[in-house]
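Below are the chains, spelled out letter by letter.
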Amino acid sequence: KMAIYILQNQNDIDFIKKEVSEINCSNIRLIYGSGIPNIYISNSYKFKKHSPWLISFKTEKNKILKKITFIYCARLLKKKGILIFIELSKIYPENKFLVFGSIDSSTKDSLTDNDLNFYKKNLKNVTFMNNTKDPLLSIKNIPSILVVPSFYGEGFPRGVIEANTLNIPVISSKDTAERIPLKNLVYISKTNHPNSYIECINKIKKDYKNNNLVKKLEYARIHAINNFSEELIVKKTLKIYKYLNLKKNKSYLLTKDKNKLNNWLSK
């Protein structure tokens, strides 16, 4: 017998191993999303070269820290953390907050048109950009931080590794971080309260001042390119399809109906 499991993240694998003991765990494969588009990889070095986070002059660092732009990339859902992001914008009124994403009228968890109009009127430092293709590629030469405050229960978030590729620090919720294989790719908020995100922001600033951020960003950049490219993900996917094709004639699920038909004809 052969079972096929489509797994979203490391938590799924851990659950399967724990709950379904008869499965040969050596045959479980985890593929992290669809991979990083090549355009991110081709722009990676250029973003690194011009990243304000890599400036080492002490006289410039304080100026840069005052110009941080915070970025949100997701549907405007409460479970995606949009309200947390908005609360942070109130705490840092001198900083810019960019929201890339749109309302989802199919769920009550989404912000409404009235909500959006209210925030646009009252939050002058927040800009709602709606849906934008490859939004992170438009953030050039700006000291930015991607905030992923989601507790939605989704799979591996591609936005995290896109930011890693472009030398953009990432702050994620604890829930999101549990779906990422290496925790040192992001700064992790302990709770869903804005205060926990403030702690992460302060940690990034501290790492920037003592030059530790340079090492973290470079590690995340190289790791993302070497492990999450579209080319690599496609190769892994094709390898699984090839394996399944070789096994199909031995699959009970694929042959049982054919066997029943042959038995009926023989009678």
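Scroll up to find the structure.
In this text, all values refer to a predicted model and were calculated from it rather than measured experimentally. (Residues numbered from 1 in each chain as written. Predicted model: local features only at pLDDT ≥ 70, side-chain atom pairs only at ≥ 80, totals over all residues. Heavy atoms only, no water.)

Caption draft 1: View of the sheet that holds strand β5 (residues 170-172). The strand order across the open sheet built from 6 strands is β3-β2-β1-β4-β5-β6, with neighbouring strands paired in parallel fashion. Edge positions in the sheet fall to β3 (126-130) and β6 (187-188), since each has one partner strand and no second. One ladder, built from 4 bridges, connects strand β2 (residues 96-100) with β3; its direction is parallel. By the bridge assignment for β3, Phe-100 is matched with Asn-130. Strands in contact with helix α6 (residues 158-165) are β4 (144-148) and β5; relative to β4, the strand with the most contacts, it is inclined by about 165 degrees. (Pairing = 2+ DSSP bridges. Helix = DSSP H or I, 4+ residues; strand = E, 2+ residues; numbered from the N terminus. Contact = heavy atoms within 4.5 Å. Axes fitted to C-alpha atoms, helices over the stretch in contact; angles between N-to-C directions.)

Caption draft 2: Fine view of the pairing of β4. Summarising burial for β4: 5 of the 5 residues are buried, a large majority. Neither face of β4 is exposed, since Ser-144, Leu-146 and Val-148 on one face and Ile-145 and Val-147 on the opposite face are all buried. With 3 bridges connecting them, strand β1 (residues 69-73) and β4 associate as parallel partners. Bridged to Thr-69 within β4 is Ser-144. Relative to β5, β4 is paired through 3 bridges, and the arrangement is parallel. Residue pairing for β5: Leu-146 is matched across the bridge by Val-170. Each parallel crossover has a hand, and the one from β4 via α6 to β5 is right-handed. (Buried < 20%, exposed > 50% of the residue type's maximum accessible area, 1.4 Å probe, protein only. Right-handed = clockwise from strand over helix to strand, strands pointing away.)

Caption draft 3: Representation of the environment of Asn-130. Note on placement: Asn-130 falls in strand β3. A relative accessible area of 45% places Asn-130 in the partly exposed class. As for Asn-130 and Gly-101, which are separated by 29 residues in sequence, their C-alpha atoms are 4.7 Å apart.

Caption draft 4: Looking closely at the pairing of β1. In terms of residue burial, β1 counts as a mostly covered element, since 4 of its 5 residues are buried. Direction of pairing for β1 relative to β2: parallel, over a ladder of 5 bridges. Looking across to β2, one finds that Ile-71 is bridged to Leu-98. The handedness of the β1 to β2 crossover, carried by helix α4 (residues 82-91), is right-handed.

Caption draft 5: Quick peek at the pattern of salt bridges. Scanning the entire structure with this criterion turns up 8 salt bridges. Lys-90 is the partner of Glu-87 in a salt bridge, and the nearest nitrogen-oxygen pair spans 3.1 Å. One end of the pair is Glu-87 and the other is Lys-90, both in helix α4 and 3 residues apart, which spans about a single turn. For Asp-207, the salt bridge goes to Lys-216, with nearest N and O atoms at 2.8 Å. Look at the salt bridges and you will find they share partners, linking Lys-48, Glu-218 and Arg-221 into a network. (Salt bridge = Lys/Arg side-chain N within 4 Å of Asp/Glu carboxyl O.)

Caption draft 6: Representation of the nonpolar core in the model. Counting 34 residues, the largest nonpolar core has Trp-53, Phe-70, Leu-76, Val-99, Ile-145 and Ile-171 as the members making the most contacts within it. Per element, the largest residue contribution to this core is 6 residues, and it comes from helix α8 (residues 194-209). If sequence neighbours within four positions are ignored, Val-99 has contacts with Tyr-72, Leu-76, Ile-82, Phe-85, Val-126, Thr-127, Phe-128, Met-129 and Asn-130. In this structure, Ile-71, Leu-98, Ala-220 and Phe-228 belong to the second largest nonpolar core, which totals 25 residues. (Core = buried A, V, L, I, M, F, W, Y, C linked by side-chain atoms within 4.5 Å.)

Caption draft 7: View of the packing of α8 against helix α9 (residues 212-227). Running from amino to carboxyl end, α8 crosses α9 at an angle of 105 degrees, the nearest separation of the two axes being 5 Å. In terms of axis orientation, α8 runs roughly perpendicular to α9. Between α8 and α9, the contacting residues are Lys-203, Ile-204, Asp-207 and Tyr-208 on the first element and Asn-212, Leu-213 and Lys-216 on the second. Of the residues in the contact of α8 with α9, the class split is 3 nonpolar, 1 polar and 3 charged. (Parallel < 35°, antiparallel > 145°, perpendicular 65-115°, else oblique. Nonpolar A, V, L, I, M, F, W, Y, C, P; charged D, E, K, R; others polar.)

Caption draft 8: Spatial organisation of helix α2 (residues 38-50). End to end, α2 covers 19 Å across 13 residues, agreeing with the expected 18 Å (1.5 Å per residue, within 8%). Of all the bends in α2, the greatest measures close to 40 degrees and is centred on Ser-44. The set of residues buried in α2 consists of Tyr-40, Asn-43, Ser-44 and Phe-47. (Expected span 1.5 Å × (residues − 1). Bend = angle between axes of the 7 residues up to and from the residue.)

Remember, this is a structural readout, not a statement about activity or role.
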